[in-house]
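Residue strings, one per chain:
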Amino acid sequence: MTLHASKPATRILPPAPYAAALLGGWWLDRQVHALPLGGGAVTHALGWLLAGIGLALFIWTLWTFQRHRTTVNPYRGASELCMDGPFRFSRNPIYVGDWFIYAGVTLWLATAWPLAFAPLIWLLLRYGVIRHEEAHLDARFGDAYRDYKTRVRRWL
């Protein structure tokens, strides 16, 4: 049994890059150089909408994990391959939800700084988390996971 068969070798707690980028963007905007986003009340309302969509997707995914009696913990091994609920549309619905929340909070903060960090967040998640989760699912579920990958995109 390989290391990935028992659990993913995840390197980063997934919410950490988002939180660090939002906090860093807020700090840079207030202390170094403002990069305001315009739009006022419309921008703020859109931020609430995006964050709400992200939160709803997160809750739907947690509910799906619970129904399948498998873990949401990125450091533990999956006991079952989830392919229904939000997993019909994305292999990573929590991370998609996180992006919606990130965009929403960026709009609340009314600064473009977090947008500058988005490529770094993507790289950290893709190579520090998702790569390891995918290796785990492949080792654990084999052909069933490989077939699922051909039908469902990683993101959307």
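Structure's up top.
Owing to the predicted nature of the structure, the values given are computational and were not obtained by experimental measurement. (Residues numbered from 1 in each chain as written. Predicted model: local features only at pLDDT ≥ 70, side-chain atom pairs only at ≥ 80, totals over all residues. Heavy atoms only, no water.)

A. How the structure looks around the overall build of the protein chain. On a plain count of helices and strands, the protein chain comes out with six helices and zero strands. Put simply, the protein chain runs from its N terminus to its C terminus through helices and strands in the order α-α-α-α-α-α. With 156 residues in all, the protein chain has 42% of them scored as buried. Summarising the internal contacts of the protein chain: among those between residues at least 6 apart in sequence, 79% fall at separations of at least 24. Accessible surface, the protein chain as shown: approximately 8700 Å² in total, 67% of it carbon and sulfur. Separation of charge centres in the protein chain, based on 16 positive and 9 negative side chains, amounts to 2 Å. (Helix = DSSP H or I, 4+ residues; strand = E, 2+ residues; numbered from the N terminus. Buried < 20%, exposed > 50% of the residue type's maximum accessible area, 1.4 Å probe, protein only. Contact = heavy atoms within 4.5 Å. Areas by Shrake-Rupley, 256 points an atom, 1.4 Å probe, with all protein chains shown as cover. Lys, Arg positive; Asp, Glu negative; His and termini not counted. Charge placed at Lys NZ, Arg CZ, Asp CG, Glu CD.)

B. Highlighting unusual backbone geometry. Of note in the backbone geometry, R69 takes a positive phi value of approximately 55° without being a glycine. When you line up the elements, R69 lands in the loop between α3 (40–68) and α4 (93–109). On the basis of relative accessibility, which here comes to 71%, the residue R69 falls in the exposed class. The backbone phi angle of A110 is positive, close to 60°, even though this residue is not glycine.

C. Region of the structure containing the pattern of salt bridges. With the rule as written, the count across this model stands at seven salt bridges. Two residues, D29 and R30, come together in a salt bridge whose shortest N-O distance is 2.8 Å. For R30, a relative accessible area of 41% corresponds to the partly exposed category. Put simply, E134 and R154 hold a salt bridge, and the shortest N to O gap is 2.8 Å. Taken together, the residues E134 in helix α5 (residues 113–141) and R154 in the segment after α6 (143–151) connect sequence positions 20 residues apart. Because the salt bridges share partners, they merge into one network encompassing R91, E134 and R154. (Salt bridge = Lys/Arg side-chain N within 4 Å of Asp/Glu carboxyl O.)

D. Expanded view of the nonpolar core. Among the nonpolar cores identified, the biggest contains 25 residues, and Y18, Y95, Y102, I121 and L125 are the most heavily contacted of them. Contacts of L125, omitting those with residues within four sequence positions, involve P14, P17, Y18, Y95 and I130. (Core = buried A, V, L, I, M, F, W, Y, C linked by side-chain atoms within 4.5 Å.)

E. Looking closely at the packing of aromatic side chains. Within this structure, the stated rule accounts for eight aromatic pairs. With a centroid separation of 5.3 Å and 80° between ring planes, the pair formed by Y18 and W99 is classed as edge-to-face. Taken as a pair, Y18 in helix α2 (residues 15–31) and W99 in helix α4 lie far apart in primary sequence, 81 residues in all. If you follow R67 out to its NZ or CZ, it ends over the ring of W63, 4.4 Å from the centre. (Phe/Tyr/Trp six-rings, centres within 6.5 Å; stacked < 30°, edge-to-face > 60°. Lys NZ or Arg CZ within 6 Å of the ring centre and 35° of its normal.)

Spatial relationships are all this shows, so hold off on functional conclusions.
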